[in-house]
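# Residue-level structural notes
Each chain, written out:
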Amino acid sequence: MSSEKRKIAYIDGKPYEIGPNHTSVLNFVKSYLGEKKVPTLCDDPNLAPYGACRVCSVEVALVKDGPTKVVASCHTPVGENQYIFTNNENLTALRKNIVELVLTDHPMECGTCEVNNNCELQDVANDLGISDHRYNTPKQHKGIPRDTSHDYMRMNLDNCINCGRCVRACDEIQGSFVLTMSGRGFESKITTDNDALFGDSSCVSCGACAHTCPTDAISDVYQSKSVAVDKKVRTTCSYCGVGCNLEASIKDNKVVAISTPKESEVNAGHTCIKGRYAFGFYDHPDRLKTPLIKKNGKFEEASWDEAYDFIKKELNRITKESGPDAVAGISSARCTNEENYVFQKMIRAAIGTNNIDCCARICHSPTAWGMQQTFGTGAATNSTEDIYHADLFMVIGANPTNAHPVTGAKIKQQVMKGKKLIVLDPITTELAKLADYHIKLRPGTNVAVLNMMLHFILKANLYDKDFVRDRTEGFANFIKEIERQDMDHLAKVAGVDKQLVKEAAIAYATAKNSMEFHGLGVTEQEQGSKTVMLIADLAMITGNIGRKGVGVNPLRGQNNVQGAADMGCQPHQGAGYFEVADEKVQNFYTEKYGVVHPTKAGLKIPEMFDGAINKEVKAVWIIGEDIVQTDPNSAHVVQAMNSLELLVVQEIFMSETAKLATVVLPGTTFLEKNGTFTNTERRIQRVNRAVPPLPGTKTDGTIVTDMMQKLGFDQPEYDADQVLAEIADIVPFFKGVTRERLGKMGLQWPVQEDGTDTQILHKETFKLGKGRLKNFDWKESTEIETNKKEYPLILTTSRVLQHYNAATMTRRTSNINIVSEDLLLVHPNDANKRELNTGDIGRLYSGRGEVALKVEVTDKVKEGIVFTTFHFPEHMVNMVTGHGKDEETMCAEYKVSAVEVQKISNQFKTEIKPKENQAEVN
Ligand SMILES: Nc1nc2c(c(=O)[nH]1)N[C@H]1C(S)=C(S)[C@@H](COP(=O)(O)OP(=O)(O)OC[C@H]3O[C@@H](n4cnc5c(=O)[nH]c(N)nc54)[C@H](O)[C@@H]3O)O[C@H]1N2
Ligand SMILES: Nc1nc2c(c(=O)[nH]1)N[C@H]1C(S)=C(S)[C@@H](COP(=O)(O)OP(=O)(O)OC[C@H]3O[C@@H](n4cnc5c(=O)[nH]c(N)nc54)[C@H](O)[C@@H]3O)O[C@H]1N2
Ligand SMILES: [Mo]
């Protein structure tokens, strides 16, 4: 029992206990007596208390029967022995008068309230018994023209009551500072930065302003508060690994809008342009709606049975002729856990090969592998919520304000409040601009800079002796190897300032809680796994692991890439990360699946491509991954796919890969399916069907299960809950997971049998017992070593906020109006040498291929580096990227390609064909 004294305050005469989350009188009252007990207007629980409108006024006495004072409850702290009075004649009169004054400026005929009774202002007015305008003063906002310039929001300032919630949401949640209140008194109104039209402002379209607006003065184009809907379905976003909780509004069986639920652990009511607005792809006319079989080079429509029978016949033929290892599967990190689970089961148990992989291979496989070597578990050690408990952030090779926008915004907010930030990135990202230490290293030199940081910490004797002694092994050798590193040499190769690295290292080591995040700038490198292990070293020698506000935290990419690997979509590990090379493991799966488990090691994605070209792999089945556009060296991928006898592609759109398929099977989007996704902080969250599958399509889990049955495997009819139960039986860290237990907020694995989940890993001990300190020397990338003479620039590729990977989805939404092409960023000095100006078309080429891109000259990139994205098939940037890969996991080296750029006068079309000399240079 806690010995702490319980603190009590009184609401309307009754005692209530003050809890740790009761910061204001308002949230104290609301938590016990409901939302409606005290009316509010300018308050939003996700924003700092503002105290402007005073509609939430209450009376407070400090002693029983003592004199009372009227206070704004939203920004008055609740205190012990306060006597709070929420309702009396005085208060009603005061509130009524305030709202009547507010209404002076709000047109009674605005209309929102009549349709859906969904206007907060109207609700408050109704509750207070106000039915008409009392004051007849001129309406200050009358006649301000509607601003319809934005793709996703409307501004109708006629309705505005100057509560400032939109401005505060933009500042305090998103951190974009786009909206301001301009003018004074009666003249004051909301404007955008530079007084631009909303659509021309620097708005990032997160929608936080529309979401908080109490009157529809700013509203979503899709979700005006005045439109009545049939129902709202809570689900989880299918873009990035943040895993935002969303609420889909449904009318006539169509998704008409997406918003965020009030309660959400992950995103607290926030989300980004993609989660909130980029859902229009789901019923886009381009959706695949019937199975297709290619005959004589042309797709012909087929029934599901025809397609299944065709595949069955071909698979049987191929496995009979060449054995099951001539078949391979690539699973989708966009699909649910249940779908990934049944797919790997089909490949392993119904077909009989370990040739199964997923996009983690080209994304965070070095993270999973590297962390397994050092800690024993290859997943984020902490929770996103820990951001609030950290004192310093170190962001290495990640651009979260673009790629994980809700997490990025949270970090940004904390940094603006004074927490320290170290960024290692060759690009001046949005976070880099705010960083105390921006180490603008050359791509491919993370190992050099991390060795420097470790060296400076050890030399300054700033390591955590207790942690090193009690929780790690290998320190004696480690310190010797790190101390011998040559700082001047490493600073030179990385192109960084030694002093800056030293200061950053000391800041990381001396902050109370240092929290690390990393992304693809770490993993998509030849020394990717090594970098991950050095990051783990840094956390271990400074004791930044195993408690709140610290840790090693990969920002996993896809919505369910964590889950795809957890479910066994990797060649070397089955569901639950059991090594399939181990005989005991094979016996375990044999018993569970009821068929003999394959013993031969499976192929990784790049090995599947080589196998296809060598005719060892004859059939590939791909679910939701556009390898032609997104894997490196597109021409090589195309060659591999064209070498196959059977290519099955399960897709929602005719992607570049689907075009090469023998059979295309139309799957469904996340809005049409049930199941679970696991986000970057190991949180398993529910995906709930919002609308039925489009006619002609089937959920991906159903397709795979149908096929298993066709192949004669005894798999029950697809039901996501039943599959989840099977997963819980096999995967130890899912032991206590059931759909009911996941509830609204989900659970973070490992989940014990009784349903207890885990926010922080490695608290007392590592899975390996002691953490393993490992050291590595920096080595120049082979890609650079081999090609730098002919191709002196280094290309690094990444993403923009508005588009998502192959962008099959985001290109089919209004996001295309905001960004419609991949741009090539070139440093002014490099541009000068090549007579390139902003707006010119540059020919970007390497030993693999060439593409044409519009150039932007900018010092955002380091000299010698060019930067672009890979979202548009018209550009096909991966024509240029190469076969460099992480030495341990084969993760593609997308962050380092040797290239050259040349000005060209006419735009030429990118063609997917290999350069003749390709064989020598890749
Ligand atoms: N809007 C949007 N969001 C996405 C995606 C998307 O396509 N669009 N994709 C999702 C996916 S699959 C993933 S994996 C994540 C990826 O998200 P992130 O991990 O943030 O990946 P990137 O933006 O590709 O690269 C991160 C940063 O690495 C830097 N970098 C390049 N080379 C180096 C280097 O040698 N060292 C260091 N330290 N940094 C380097 C780049 O400049 C870039 O700023 O995003 C997910 N979210
Ligand atoms: N140059 C360069 N290339 C890169 C990267 C880079 O940084 N630079 N990053 C790499 C990384 S980290 C990754 S993860 C990969 C991502 O590469 P992909 O996984 O190929 O990218 P996505 O666009 O996410 O593609 C998924 C495909 O799934 C389909 N899809 C979406 N939802 C569903 C569904 O529910 N069911 C089915 N059946 N299909 C669905 C979409 O239409 C899309 O075609 O790209 C890699 N490529
Ligand atoms: Mo990724």
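Named according to an unreviewed UniProt entry, the chain is Formate dehydrogenase Alpha subunit (FdhF-2) originating from Pelagibacter ubique. Listed under Sequence similarities (unreviewed entry) in UniProt, the entry text for the chain is "Belongs to the complex I 75 kDa subunit family."

This next bit is on the site of ligand 1. Around ligand 1, the structure places 36 residues, and the nearest of them are A403, D425, S798, H803 and N805. A distance of 2.8 Å is found between an oxygen atom of ligand 1 and a backbone nitrogen or oxygen belonging to G444. Separating an oxygen atom of ligand 1 from a side-chain N or O atom of Q525 is a distance of 2.7 Å. Every element with two or more residues in the shell around ligand 1 is listed here: α11 (400-403), α19 (520-523) and β30 (793-798). Along the lines of polarity and charge, the residues of the shell around ligand 1 split into 14 nonpolar, 18 polar and 4 charged. Mapping the shell around ligand 1 onto the domain boundaries places at least three of its residues in each of domain 4 (365-554) and domain 5 (782-912).

Close contacts around ligand 2 come from 32 residues, with D626, T630, E651, T808 and N878 the closest. Side-chain polar atom of R334 to an oxygen atom of ligand 2: 2.8 Å apart, as the coordinates give it. Residue T630 places a main-chain N or O atom 2.7 Å away from a nitrogen atom belonging to ligand 2. Across the complex, the protein chains shield 99% of the 910 Å² of accessible surface that ligand 2 would expose by itself. Classifying every residue of the shell around ligand 2 by side-chain character gives 13 nonpolar, 10 polar and 9 charged. Summarising the domain contributions, the shell around ligand 2 has at least three residues from each of domain 3 (292-360 + 560-748) and domain 5 (782-912).

Quick look at the sheet that holds strand β16 (residues 356-358) now. The mixed open sheet is built from 7 strands, whose spatial order is β14-β13-β25-β24-β23-β15-β16. Strands with a single pairing partner mark the edges of an open sheet, and in this sheet they are β14 (298-301) and β16. When the angles between neighbouring strand axes are averaged without regard to direction, this sheet yields 20°. With 4 bridges connecting them, strand β15 (residues 327-331) and strand β23 (residues 619-623) associate as parallel partners. Each residue of the ladder has a partner; that of I330, found in β23, is I622. Here helix α9 (residues 337-351) sits on the sheet and contacts β15, β16 and β23; the angle it forms with β15, its principal contact strand, is near 175°.

A word on the UniProt feature "domain: 4Fe-4S Mo/W bis-MGD-type" (unreviewed entry) in the chain. The positions that UniProt labels "domain: 4Fe-4S Mo/W bis-MGD-type" (unreviewed entry) are, in the present scheme, residues 230-286. Segment residues 230-286 splits into 9% helix and 33% strand. End C-alpha atoms: 26 Å apart.

A word on the nonpolar core. In this structure, I311, Y341, M346, W621, L665 and F734 are the most contacted members of the largest nonpolar core, which totals 65 residues. At 7 residues, the largest contribution of residues to this core is made by α9. Sequence-distant contacts of W621, that is, excluding residues within four places in its chain, are made with I311, L315, A328, G329, I330, F343, M346, V648, Q650, L665, I703 and M707. Counting 55 residues, the second-largest nonpolar core is a separate cluster that includes Y463, A505, L538 and V552.

A word on the packing of helix α22 (residues 583-593) against helix α27 (residues 720-730). Two elements in contact, α22 and α27, have axes whose closest approach is 12 Å; the angle formed by their N-to-C orientations is 150°. One way to sum up the angle between α22 and α27 is to call them roughly antiparallel. As for how α22 packs across α27, the hand of that crossing is right-handed. On α27, the residues that touch F588, Y589, K592 and Y593 of α22 are E726, D729 and I730. In terms of residue class, the contact of α22 with α27 is made up of 4 nonpolar, no polar and 3 charged.

What follows deals with the packing of α9 against α27. At a closest axis distance of 9 Å, the pairing of α9 and α27 adopts a crossing angle of 70°. Taken together, the axes of α9 and α27 are roughly perpendicular relative to one another. The way α9 lies across α27 gives a crossing that is left-handed. Counting all contacts with α9, which are made through N337, E338, Y341, V342 and K345, the residues of α27 involved are A720, V723, L724, E726, I727 and I730. Tallied by class, residues from the contact of α9 with α27 come to 7 nonpolar, 1 polar and 3 charged.

The rules we used
The numbering scheme is per chain: residues are counted from 1 as the chain's sequence reads. Key to labels: chains lettered from A, ligands numbered from 1, both in the order written. Given that this is a predicted model, residues contribute local features only at a pLDDT of at least 70 and side-chain atom pairs are listed and counted only at 80 or more, while totals for whole chains, interfaces and linings are drawn from all residues. With hydrogens and water set aside, each side-chain value is computed from the structure's full complement of heavy atoms. UniProt positions are given in the numbering used here, feature names are shortened, and annotations may be inferred rather than shown by experiment. Definition of nearness: a residue and a molecule or strand are near each other if at least one heavy atom of the residue lies within 4 Å of the molecule or strand. By the criterion applied in these results, polar contacts are pairs of N or O atoms within 3.5 Å in which, for protein atoms, one can donate a hydrogen and the other can accept it, and in which residues neighboring in sequence qualify only through two side-chain atoms. Put simply, DSSP H or I for four residues or longer makes a helix, DSSP E for two residues or longer makes a strand, and each gets a number counted from the N terminus. Each residue is assigned to one of three groups, with Ala, Val, Leu, Ile, Met, Phe, Trp, Tyr, Cys and Pro labelled nonpolar, Asp, Glu, Lys and Arg labelled charged, and all others, Gly among them, labelled polar. An automatic or database domain assignment supplies the residue ranges for each domain. With residues, only the protein chains shown are counted as cover, and all accessible areas are computed by Shrake-Rupley using a 1.4 Å probe. Two strands pair if DSSP finds at least two bridges between them. As a rule, the C-alpha atoms of each element are fitted with a line to give its axis, helices using only the stretch in contact, and angles between N-to-C directions run from 0 to 180 degrees. Should any heavy atoms of two residues lie within 4.5 Å, those residues are considered in contact. Definition of nonpolar core: a set of buried residues of the types Ala, Val, Leu, Ile, Met, Phe, Trp, Tyr and Cys, connected through side-chain atoms within 4.5 Å. Working definition: with a 1.4 Å probe on protein chains only, accessible area under 20% of the residue-type maximum means buried, over 50% means exposed, and in between means partly exposed. Orientation labels follow simple angle bins: below 35 degrees gives roughly parallel, above 145 gives roughly antiparallel, 65 to 115 gives roughly perpendicular, and whatever is left gives oblique. Crossing handedness is read from the near helix: turned anticlockwise from the far helix by less than a right angle, it gives a left-handed crossing, and turned clockwise, a right-handed one.

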